Amino acid sequence: MSFYPVFLIALFTAVLGLASPLSPNSVHTMYQFEDGTFLENIAVRSNGDLLLTSVTKPVVFSLDPHAPNPTIVFEFPNATGTTGIIEIYPDVFAILAGVWNASTATAEKGSLCLWTVDVGHQEPVGKKITCIPQSIMLNGATTLEGAPGIVLVSDSRLGGIYRINIHTGEVVLVIQDTLLEGTPGNAYGLGINGLRTRGHELYFANSSKKFFASLQLTSTAQVIGPIKTISTVPSGANFTAYDDFALDKKGNAWIALENQALVVVTPSGEQRFVLGGDGNTLLATPTSAAFGRGGKMGKETLYVVTAGFGISGGQVVAIDYQV
């Protein structure tokens, strides 16, 4: 999630102290939403359709990459916005919803809840699983290999990760650590932001402390071993925070970077710019990314969503690249 002032971005043509920038095969804006639609996160269905959350809309949008015309899949009651989204079973997605104040980067206490939405029916079916009344900032969501029905959720203000059982509604705080906390006055104090797993390795970005890291989990999401820093936000006035990200099959992380860029970080910590930096308005505050699935646009396409700050509403940008 991002709540930062706008800077404009473009394709990088300089190294800026990092490894040589990548050159995507093509980049284009698939769709741009109306003013005030802050896109927050993205998931991709097995049929290739995109599911989009918005911190300023209490809905999940669906977007077909081949005929971009978004529709509302599900609208959440007693909410004003949605954040994390992750597929837990085929066409069943866990989604965070609550009453959000985008200007303060917080939600109304008691309003943040985890839902499941089954989009495999003609009329999608939503079910509230549980709420976390003490939280004001539930952000990212992911699953854990070998633990069906378990969703891991980041709390950006607490500096922790919850384990939620979607079958029983049980909520357990599995880790709270200073390295997951934010820094007051920097990036709205957001600590742990996006999180993803690969096997039992959990990767996460800390926005206000400006680093990308990993930690090992057991099959029950207990933390084993130390937190390992992989990379830090590159220097430069236009680069303020890592946001959410996508992992490719090689373990590289494609991270939305404020303001306004996309970087790829290898498992060894090498960091390269894909997009960003010198005044072009292509990405207007990127917030998250996900790889396509299936179809001729799917396998080599990275989709990036943005908040749309400074130009209009949020964008869905397709980046074709061999990974």
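As a starting point, this report considers the structure included with it. This one's a predicted model, so the numbers in the text were calculated from it and none came from an experiment. Here the residue numbers are simple positions, counted from 1 along each chain's written sequence. In keeping with the predicted nature of the model, local features appear solely for residues at pLDDT of at least 70, side-chain atom pairs appear and are counted solely at 80 or more, and the whole-chain, interface and lining totals rest on all residues. As a rule here, side-chain values come from all non-hydrogen atoms in the structure, and water together with hydrogens is ignored.

## Digging into the sheet that holds strand E16 (residues 192–198)
Strand pairs in the sheet, formed through backbone hydrogen bonds, run parallel or antiparallel to each other.
Here's step 1: Strand pairing follows a simple DSSP-based rule, namely that at least 2 bridges must link the two strands. Helix and strand definitions here come from DSSP, where helices need a minimum of 4 consecutive H or I residues and strands a minimum of 2 consecutive E residues; each element is numbered from the N-terminal end. Taken in spatial order, the four strands make up an open sheet running E16-E17-E18-E19, and their pairing is antiparallel. Looking at strand neighbours, the two that pair on one side only are E16 and strand E19 (223–232), the edges of this open sheet. Averaged over neighbouring strand pairs, the angle between their axes works out to 20 degrees when direction is ignored.
Here's step 2: Bridging between strand E17 (residues 201–206) and strand E18 (residues 211–217) involves six bridges; their strand directions are antiparallel. The residue of E18 that forms the bridge with Asn 206 is Phe 211. Working convention: axes come from line fits to C-alpha atoms, limited for helices to the stretch in contact. Angles between N-to-C directions cover 0 to 180 degrees.

## Notes on the pairing of strand E21 (residues 253–258)
Here's step 1: Extensive coverage of E21 is indicated by the burial of six of its six residues.
Here's step 2: Each residue is placed in one exposure class: buried if its accessible area under a 1.4 Å probe, protein chains only, is under 20% of its type's maximum, exposed if it is over 50%, and partly exposed if it falls in between. Burial along E21 is two-sided: the face carrying Ala 253, Ile 255 and Leu 257 and the face carrying Trp 254, Ala 256 and Glu 258 are both buried.
Here's step 3: Linkage of strand E20 (residues 241–247) to E21, two consecutive antiparallel strands, is achieved through a turn of five residues, within which Gly 251 is found at a positive phi near 90 degrees.
Here's step 4: Direction of pairing for E21 relative to strand E22 (residues 261–265): antiparallel, over a ladder of five bridges. Directly across from Leu 257, in E22, lies its bridge partner Ala 261.
Here's step 5: Between E21 and E22, which follow one another and run antiparallel, lie two residues.

## Quick look at the sheet that holds strand E23 (residues 271–276)
Here's step 1: With antiparallel pairing, the four strands of this open sheet are ordered in space as E20-E21-E22-E23. In this open sheet, the two edge strands, each paired with only one partner strand, are E20 and E23. Averaged over all pairs of adjacent strands, the angle between strand axes in this sheet comes to 25 degrees, irrespective of strand direction.

## Concerning the nonpolar core
One recurring pattern in soluble globular proteins is that nonpolar side chains are buried together.
Here's step 1: We define the nonpolar core as a collection of buried residues of types Ala, Val, Leu, Ile, Met, Phe, Trp, Tyr and Cys that are connected through side-chain atoms lying within 4.5 Å of one another. Grouped together as the largest cluster of nonpolar side chains are 24 residues, with contacts concentrated most on Ile 88, Leu 114, Leu 138, Val 151 and Val 153.
Here's step 2: Only heavy atoms matter for contacts: two residues are in contact if any of them lie within 4.5 Å across the pair. Residues in contact with Val 153, not counting those within four places in the same chain, are Leu 96, Leu 138, Gly 140, Ala 141, Gly 160, Ile 161, Tyr 162 and Ile 164.
Here's step 3: Counting 18 residues, the second largest nonpolar core, distinct from the first, contains Val 174, Leu 180, Leu 215 and Ala 221.

## Some details on the state of the cysteines
Disulfides are covalent bonds that link the sulfur atoms of two cysteine residues.
Here's step 1: Counting rule for disulfides: a pair of cysteine sulfur atoms within 2.5 Å. The tally for this structure, following the rule as stated, stands at one disulfide.
Here's step 2: Between Cys 113 and Cys 131 runs a disulfide, and the two sulfur atoms are separated by 1.9 Å. Its S-S torsion of approximately 85 degrees makes the covalent link between Cys 113 and Cys 131 right-handed. Placement of the pair is Cys 113 in strand E10 (residues 113–118) and Cys 131 in strand E11 (residues 125–131), with a sequence separation of 18 residues.
Here's step 3: On the basis of relative accessibility, which here comes to 4%, the residue Cys 113 falls in the buried class.
Here's step 4: Overall, Cys 131 belongs to the partly exposed group, its relative accessible area being 27%.

## With respect to the environment of Ile 132
Here's step 1: Tracing the backbone through its elements, the reader meets Ile 132 in the loop between E11 and strand E12 (138–143).
Here's step 2: Taking the relative accessible area as the measure of exposure, Ile 132 reaches 3% and is therefore buried.
Here's step 3: Sequence separation between Ile 132 and Leu 114 is 18 residues; the distance between their C-alpha atoms is 8.3 Å.
Here's step 4: The residues contacting Ile 132, other than those within four sequence positions of it, are Leu 112, Leu 138, Tyr 162, Ile 164 and Val 171.

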